[in-house]
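# A structural walkthrough
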2 protein chains.
Amino acid sequence: MLLMKRTERVGAIIKILSENPNRLYSLGYFCDLFQSAKSSISEDIQSAKSILEGIDLGLIETTAGAGGGVKLIPYISDTEAEKTLNQLCEKLRDKNRILGSGFLYTSDLMFDSNITKRAGEIFARRFINLGADYVVTIETKGIPVALMTAHMLNLPLVVIRRESKISEGSTVSINYFSGSAERIQKMSISKRAVTPGSKAIIIDDFMRAGGSVKGVSDMLAEFDIEIVGTGVVIASMEPQKKKISDYFPLIYLGSVDENEKSIEVFPNSLIFYKKNL
Amino acid sequence: MLLMKRTERVGAIIKILSENPNRLYSLGYFCDLFQSAKSSISEDIQSAKSILEGIDLGLIETTAGAGGGVKLIPYISDTEAEKTLNQLCEKLRDKNRILGSGFLYTSDLMFDSNITKRAGEIFARRFINLGADYVVTIETKGIPVALMTAHMLNLPLVVIRRESKISEGSTVSINYFSGSAERIQKMSISKRAVTPGSKAIIIDDFMRAGGSVKGVSDMLAEFDIEIVGTGVVIASMEPQKKKISDYFPLIYLGSVDENEKSIEVFPNSLIFYKKNL
């Protein structure tokens, strides 16, 4: 693949880095790809960097030395994050989502690749500097947003199952009380999926009292795994007292009034202040 | 967001289109974003197009007229597809994956965002011209690859659940025989998730006899939904006779010998010929 023009190399570098966030590429990788000298590639990367920064579309980080290289730091601007959450709130306010018993239909949103990608970008920006080894979620509706977060952070995704499956090999299970389901539920993790002593970020679609997240946290504690961050797309305002204290919601869900057909949702405004990120 | 230089606008166009495959952007969108004239933006798009095509990294399609605009057609080159599948086969041959009863541990691969993104690109290239309205999968391990396929095609993802959940609203369920689980299983779909008379692509992680896919197909038939394509990451060679005839596997799984600790896997070589795509 031989490229002559600088513009072409810069365009290709932007595409490759954008599609593979938080992954370190050596200068040599691009030298081989474009059959160009290191000095040219260094200049190309500088161009790519100033292009993306100038338009608020991402941050390219370069590190010098033997193990060094270049990577794209996943980034979503405050403006884009705010726009995403306002759009999501608007969709959530649709009264046709009311299912009864305070439940809302959200599957279309939680399985939407564009919404979950944006949410994953927000979580990635929030959690990038915590040294996590993987992203953990519990099946099913949290998988897309957890996958997108893992992709942005270039981390493996571990999915905790409800039932232990033969295809998971040897598993560890616990029972926990789910406030959403109003009953005791079970969760299982494959022993192969995690390494004792590592660090995890938990990502889920919804939190009511925090029973599921607490369950995940307890189960990971069996493997001596530390939870360094917890992100949920929607957190219910009630109960105010959750089973876990440290979590980062994108959206708060207040009252759902079946008679008035009203749904109270609002974005977590704290995410818009850079100091909190 | 005011940009002066052509290079910067071209870089930004490449990033925006790459991150939002198969989505049509009007010229006006970029005119507003860059505060530039239509004639400049047209030239920028031509530059972006020749950059990506020149390096086998994607196809930019422009359509003229009132409803026209520009979009990135998801694309993975034959070389990249072959490399992806060979790497995946190599990972699958790891004898530590053998779980007994012919089962292999594949969760780490099926939840890997990079592998599933590549697989999604291959499925998208295969299925892009079939006029599908959504991608459908059945929980759990097929969700990541189905989500990535849906993202590349800019289609909604519909996830069929094992149990009907209160949060899915009104559902339709069927029972079917799963050869993998060796028992009758249930699947449920939310009535809100699909529109009668539409077209769907089914994507799943694994197919043995095809019972699950047949089940999905039967259930969608209740809604008068036509299956226009079926893609699976891994198809088992046995049984040779499947419950469905038309499917597109990325990888074939032959014998798994627990005593010899050998796993026979090979890529579906047909995907490497453009005429078949």
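Residues numbered from 1 in each chain as written. Chains lettered and ligands numbered in written order. Predicted model: local features only at pLDDT ≥ 70, side-chain atom pairs only at ≥ 80, totals over all residues. Heavy atoms only, no water.

Per an unreviewed UniProt entry, the recorded name for chain A is Pur operon repressor, and the organism is Anoxybacterium hadale.

### Looking at the overall build of chain A
In terms of helices and strands, chain A carries eight helices and twelve strands. Overall size of chain A, expressed as C-alpha extent along the three principal axes, is 65 × 45 × 30 Å. Residues counted as buried form 55% of the 277 residues belonging to chain A. Across chain A, every contact between residues at least 6 apart in sequence was considered, and the portion connecting residues at least 24 apart equals 62%. Charge-centre separation for chain A: the mean point of 34 positive side chains lies 2 Å from the mean point of 33 negative side chains. (Helix = DSSP H or I, 4+ residues; strand = E, 2+ residues; numbered from the N terminus. Buried < 20%, exposed > 50% of the residue type's maximum accessible area, 1.4 Å probe, protein only. Contact = heavy atoms within 4.5 Å. Lys, Arg positive; Asp, Glu negative; His and termini not counted. Charge placed at Lys NZ, Arg CZ, Asp CG, Glu CD.)

### Re the environment of A:Tyr252
Residue and element names in this part refer to chain A. The residue Tyr252 is located in strand 11 (residues 248–257) in this model. As for Tyr252 and Met219, which are separated by 33 residues in sequence, their C-alpha atoms are 26 Å apart. Tyr252 has contacts with Ala235, Met237, Glu264, Val265, Phe266 and Asn268, leaving out every residue within four places of it along the chain.

### Remarks on the side chain of B:Arg97
Along the chain, B:Arg97 falls in the loop between helix 4 (78–92) and strand 3 (98–100). With a relative accessible area of 7%, B:Arg97 lands in the buried category.

### Structural notes on the pairing of strand 11 of chain A
Regular strands place side chains that alternate from one sheet face to the opposite one. All names here are of chain A. Bridge count for strand 10 (residues 226–236) against strand 11 is five bridges, and the pairing is parallel. What sits directly across from Ala235, in strand 11, is Tyr252. Here five bridges tie strand 11 to strand 12 (residues 262–267), and the two strands are oriented antiparallel to one another. Note on strand 12: the bridge partner recorded for Ile251 is Pro267. The turn joining strand 11 and strand 12, which pair antiparallel and follow one another in sequence, is formed by four residues; a positive phi near 55° is taken by Lys261. (Pairing = 2+ DSSP bridges.)

### With respect to the pattern of salt bridges
Considering all chains together, one arrives at 28 salt bridges over all chains under this definition. As a salt-bridge pair, A:Arg125 and A:Asp78 come within 2.9 Å of each other at their nearest N and O atoms. One end of the pair, A:Arg125, is in helix 6 (residues 113–127); the other, A:Asp78, is in helix 4 (residues 78–92), with 47 residues separating them in the sequence. Taking the relative accessible area as the measure of exposure, A:Arg125 reaches 13% and is therefore buried. Of the charged contacts, one joins A:Lys117 and B:Glu19 as a salt bridge, the two residues approaching to 4.0 Å between their closest N and O atoms. Taken together, the residues A:Lys117 in helix 6 and B:Glu19 in helix 1 (residues 6–19) connect one chain to another. There is no split in this pair, since A:Lys117 and B:Glu19 are both buried. Residues participating in the shared-partner salt-bridge network are A:Lys15, A:Glu19, B:Glu80, B:Lys83, B:Lys117, B:Arg118 and B:Glu121. (Salt bridge = Lys/Arg side-chain N within 4 Å of Asp/Glu carboxyl O.)

### Remarks on the nonpolar core
Ranked by internal contacts, the top residues of the largest apolar core, which has 86 residues, are A:Leu157 and B:Leu157. Among residues more than four places away in sequence, those in contact with A:Leu157 are A:Val135, A:Thr137, A:Ile143, A:Ala146, A:Leu147, A:Ala150 and B:Phe111. Listed in part, the 41 residues of the second largest apolar core include A:Tyr25, A:Ile60, B:Ile45 and B:Ala48. (Core = buried A, V, L, I, M, F, W, Y, C linked by side-chain atoms within 4.5 Å.)

### Side note on the interface of chain B and chain A
Quoted interface sizes are often the accessible area lost when the parts come together. With 53 residues of chain B at the contact, the number on the chain A side is 53 residues. At the boundary of chain B with chain A, total buried surface from both sides reaches about 4800 Å², with 62% on carbon and sulfur atoms. Along the contact surface separating chain B from chain A lie two salt bridges. Counting across the interface, chain B meets chain A through 14 residue pairs in polar contact (both at pLDDT 80 or more). When grouped by side-chain class, the residues that make up the side of chain B that touches chain A number 25 nonpolar, 16 polar and twelve charged. (Buried area = accessible area lost by both parts, 1.4 Å probe. Polar contact = N/O pair within 3.5 Å; in protein donor to acceptor, adjacent residues only side chain to side chain. Nonpolar A, V, L, I, M, F, W, Y, C, P; charged D, E, K, R; others polar.)

### So, the relation of the copies chain B and chain A
For the pair chain B and chain A, the superposition axis carries a translation of 0.0 Å, the fit reaches an RMSD of 0.0 Å, and the rotation angle comes to 180°. Both copies of the chain, as the preceding transformation shows, are related through a two-fold rotation axis. (Least-squares fit on C-alpha atoms with pLDDT ≥ 70 in both.)

### Some points on helix 1 (residues 6–19) of chain A
Along its 14 residues, helix 1 of chain A runs 20 Å from first to last C-alpha, staying within 8% of the 20 Å computed at 1.5 Å per residue. Most of helix 1 of chain A sits inside the fold, with twelve of its 14 residues counted as buried. (Expected span 1.5 Å × (residues − 1).)

### Overview of the domain arrangement of chain A
All names here are of chain A. Under the domain assignment used here, chain A contains domain 1 (6–73) and domain 2 (78–276). Distance between the C-alpha centres of domain 1 and domain 2: 33 Å. Interface area for domain 1 against domain 2, summed over the two sides, is near 460 Å², with a carbon-plus-sulfur share of 48%. Of all residues in domain 1, Pro21, Asn22 and Arg23 give up the largest surface area on contact with domain 2, accounting jointly for 75% of the area buried on that side. Put simply, domain 1 and domain 2 have zero salt bridges between them. The tally of links between domain 1 and domain 2 comes to three residue pairs in polar contact (both at pLDDT 80 or more). Along the lines of polarity and charge, the residues of the side of domain 1 that touches domain 2 split into two nonpolar, one polar and two charged. (Domains from an automatic or database assignment.)

### Digging into the environment of A:Asn86
Note on placement: A:Asn86 falls in helix 4. Once the C-alpha coordinates of A:Asn86 and A:Phe266 are considered, the two residues, 180 residues apart in sequence, prove to be 7.8 Å apart.

### A look at the packing of aromatic side chains
Under the defined criterion, the tally for this structure stands at 16 aromatic pairs over all chains. Judged by centre distance (6.2 Å) and plane angle (15°), the ring pair of A:Phe123 and A:Phe127 falls under stacked. Of the two residues, A:Phe123 and A:Phe127 are both situated in helix 6; the distance of four residues between them amounts to about one turn of the helix. Each of the two residues, A:Phe123 as well as A:Phe127, counts as buried. Aromatic pair A:Tyr252 and A:Phe266: ring centres 5.8 Å apart, planes at 35°, arrangement tilted. One end of the pair, A:Tyr252, is in strand 11; the other, A:Phe266, is in strand 12, with 14 residues separating them in the sequence. Taking relative accessible area as the criterion, A:Tyr252 reaches 23% and is therefore assigned partly exposed. A relative accessible area of 32% places A:Phe266 in the partly exposed class. Through a chain of ring-to-ring contacts, three or more aromatic side chains come together here, namely A:Tyr25, A:Tyr29, A:Phe30 and A:Phe34. The residue whose ring lies beneath A:Arg192 is B:Tyr105, and the NZ or CZ to ring-centre distance is 5.2 Å. (Phe/Tyr/Trp six-rings, centres within 6.5 Å; stacked < 30°, edge-to-face > 60°. Lys NZ or Arg CZ within 6 Å of the ring centre and 35° of its normal.)

### Some points on the sheet that holds strand 5 (residues 134–138) of chain A
Residue and element names in this part refer to chain A. Overall, mixed pairing links the six strands, which are arranged 6-5-9-10-11-12 in an open sheet. This sheet does not close on itself; its edge strands, each paired only once, are strand 6 (157–160) and strand 12. Neighbour to neighbour, the strand axes of the sheet diverge by 25° on average, direction disregarded. On top of the sheet, helix 6 reaches strand 9 (199–207), strand 10 and strand 11; it is set at about 130° to strand 11, its chief contact. (Axes fitted to C-alpha atoms, helices over the stretch in contact; angles between N-to-C directions.)

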